[in-house]
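One letter stands for each residue in the lines below.
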Amino acid sequence: MAERGGQPRAGGARILVLGTGPAAVATALLLARLGHDVRVMGRARARSAMEGVSERAADGLRRLGCSRALAVLDTSYERVSSWNGRVVRVNRECVVDRERFDSALIADLALAGIPMRSARVGAVRRGSGGVWLVDWRDGGAAGTDTADFLVEARGSAALRRVPDAERGPRALAISRRFSGCRRGAPITVAESFSGGWAWCALAGDGGAIVQVVTDETALPAAAKRDLGRLHRRCLAALPLIRDTLGAGVPAEEAVQVRAIWPRLRGERIGADW
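Basis of the calculations
- Residues numbered from 1 in each chain as written.
- Predicted model: local features only at pLDDT ≥ 70, side-chain atom pairs only at ≥ 80, totals over all residues.
- Heavy atoms only, no water.
- Helix = DSSP H or I, 4+ residues; strand = E, 2+ residues; numbered from the N terminus.
- Buried < 20%, exposed > 50% of the residue type's maximum accessible area, 1.4 Å probe, protein only.
- Contact = heavy atoms within 4.5 Å.
- Areas by Shrake-Rupley, 256 points an atom, 1.4 Å probe, with all protein chains shown as cover.
- Lys, Arg positive; Asp, Glu negative; His and termini not counted.
- Charge placed at Lys NZ, Arg CZ, Asp CG, Glu CD.
- Pairing = 2+ DSSP bridges.
- Arc of directions from axis to C-beta.
- Core = buried A, V, L, I, M, F, W, Y, C linked by side-chain atoms within 4.5 Å.
- Phe/Tyr/Trp six-rings, centres within 6.5 Å; stacked < 30°, edge-to-face > 60°.
- Lys NZ or Arg CZ within 6 Å of the ring centre and 35° of its normal.
- pLDDT = per-residue confidence, 0-100.

### Some details on the overall build of the protein chain
Next up, step 1: A count of helical and extended segments in the protein chain gives seven helices and 17 strands.
Next up, step 2: Based on the C-alpha atoms only, the size of the protein chain along its principal axes is roughly 65 × 40 × 35 Å.
Next up, step 3: Relative to its full complement of 273 residues, the protein chain shows a buried share of 41%.
Next up, step 4: Within the protein chain, contacts between residues separated by at least 24 positions form 67% of all contacts whose residues are at least 6 apart in sequence.
Next up, step 5: On the protein chain, roughly 14400 Å² of surface is accessible, and the fraction owed to carbon and sulfur atoms is 51%.
Next up, step 6: One finds the centroid of the 42 positive side-chain charges in the protein chain at a distance of 2 Å from the centroid of its 29 negative side-chain charges.

### Structural notes on the pairing of strand 14 (residues 208–215)
Next up, step 1: Extensive coverage of strand 14 is indicated by the burial of seven of its eight residues.
Next up, step 2: Direction of pairing for strand 11 (residues 171–179) relative to strand 14: antiparallel, over a ladder of eight bridges. Paired with Phe178 across the strands is Ala208, a residue of strand 14.

### Brief notes about helix 2 (residues 55–64)
Side chains three or four residues apart in an α-helix point the same way, a direct result of the helix having 3.6 residues per turn.
Next up, step 1: All of the buried residues in helix 2 are Ala58, Gly60, Leu61 and Leu64. Projected down its long axis, helix 2 shows its buried positions confined to an angular sector of 155 degrees, all on one face. Of the exposed residues in helix 2, the ones pointing more than 90 degrees away from its buried face are Arg56, Arg62 and Arg63.
Next up, step 2: Its buried side turned inward, helix 2 meets helix 1 (22–33), strand 3 (50–54), helix 3 (67–72) and helix 4 (98–111).
Next up, step 3: Backbone geometry just downstream of helix 2 places Gly65 in the positive-phi region, at approximately 80 degrees.

### Here's the deal with the pairing of strand 13 (residues 196–202)
The side chains of a regular strand alternate between the sheet's two faces.
Next up, step 1: The element strand 13 is largely enclosed, with a buried count of five among its seven residues.
Next up, step 2: In this structure, strand 12 (residues 187–193) lies alongside strand 13, joined through seven bridges in antiparallel fashion. Bridging from a neighbouring strand, Thr188 pairs with Ala201 of strand 13.
Next up, step 3: Hairpin connection between strand 12 and strand 13: a loop of two residues separates the two successive antiparallel strands.
Next up, step 4: Where strand 13 lies against strand 14, seven bridges are found, and the strand directions are antiparallel.

### Regarding the nonpolar core
Next up, step 1: By size, the foremost hydrophobic cluster in this structure holds 26 residues, and its most contacted members are Val17 and Leu73.
Next up, step 2: Where this core is concerned, the elements lending two or more residues are strand 1 (13–18), helix 1, strand 2 (38–42), helix 2, helix 3, strand 5 (86–97) and helix 4.
Next up, step 3: In terms of residue count, helix 1 provides more of this core than any other element does, five residues in total.
Next up, step 4: Those residues in contact with Leu73, other than ones at most four positions away along the chain, are Val53, Ala58, Leu61, Cys94, Val96 and Phe101.
Next up, step 5: The next biggest cluster of nonpolar side chains, apart from the first, holds 23 residues, and it includes Val80, Phe178, Val210 and Leu230.

### Here we look at the packing of aromatic side chains
Next up, step 1: What the rule picks out here adds up to one aromatic pair.
Next up, step 2: Pairing Trp83 with Trp197 gives two aromatic rings, centres 6.2 Å apart and planes at 50 degrees, and the pair type is tilted. Linking Trp83 in strand 4 (residues 76–83) with Trp197 in strand 13, this pair joins segments that are 114 residues apart in sequence.
Next up, step 3: Geometry around Trp132 places Arg126 over its ring, the cationic atom sitting 3.8 Å from the centre.
Next up, step 4: Between Arg170 and the ring centre of Trp261, over which it is positioned, the NZ or CZ distance is 4.7 Å.

### Side note on the confidence of the model for the protein chain
Next up, step 1: For the protein chain, mean pLDDT is 90; residues scoring 70 or higher make up 95% of the total.
Next up, step 2: Scored below 50 in pLDDT, residues 1–11 shows 32 contacts in the model against residues more than four places distant or in partner chains.

### Quick look at unusual backbone geometry
Next up, step 1: You will see that Asn84, though not glycine, has its phi angle at about 55 degrees, which is positive.
Next up, step 2: When you line up the elements, Asn84 lands in the loop between strand 4 and strand 5.
Next up, step 3: Relative accessible area serves as the criterion here: at 77%, Asn84 is assigned to the exposed category.
Next up, step 4: In this structure, Asn91 takes a positive phi of about 40 degrees despite not being glycine.
Next up, step 5: Among the secondary structure elements, Asn91 is positioned in strand 5.
Next up, step 6: Given a relative accessible area of 42%, Asn91 falls into the partly exposed group.

Below you can see the structure in the form of C-alpha cells.
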C-alpha cells in the first residue's frame, strides 16, 4: 500500500476492493482508469446459479472492456413478463451461470493488470495511523493486507457498522431444472403469483430452469422440508411459465435453494471507505 500522498509500499494497496462479483470488478476497473493504485480481494463464487444479464448491463461491461465476461454472454433471450396478468414483451437479456460469469470477470481483472488476492476475507479492522487491516485466509496460508481506502462490494457479507436503514421481506429462491421442454427461440419469462414471483429461462435445446421466489416467513416448516413439492405448488399458479415449458419434466437433480433478504445499509460511505 502507499503512505498517504506517497509511493505505494510493497505488499499492499492504497485502495482495496473486497469482493469478486460485477460490483467489485466494475469498481476496481473504474478506479484503475482514474489512476488509483487498486487491488481486489475475495474468493471466486463456487456455487452455480443461473441469472439474467440485461442489455444495459452488457453495454456497461462493453464500456469497461470486459471482453472475457462479454464472451460468456453468447446467447440473447427474448424477455416476457406477466405482472398481475398483464403480459409485456420488452427488450432482451442473456442468461449466465454466475460461477462461470464471475470467473470471466476475474479474468478481465487480470487482463487489465489489476492485482487480486484469491482468499477468504476475514476480520476488517483499523490499524495504527488509521489504515485498514484486512485478514485473509487461503487454504493453509493466512495474512493481513493493508489499505488507505476500503471498498466493500461483497453484498450481504459487507461490513455493517450501524443497523440497516431498510429491510425487505425474507424470501426463498427455489430453483429447478427441466428437460424435454418445447424447442425454439430462447426466451425468459417473469411472472407474478399470489405467493411471490418466478423467473423461467428456456434455452433453444429444450432445457429450462424455473426459479420461484416466495416469502419465507409465510411458509410452514413442512413446506421448507419438501422443496420439490413447494416448487410444484408454486408452478401450478404460473400459467404463462407452464405454457412456456410445454411438456417439460423436472430433472432428477436436487432442487436448489438460497435465501434472499434485500437490505439497505444504514451507513454507506465515509471519508476512507
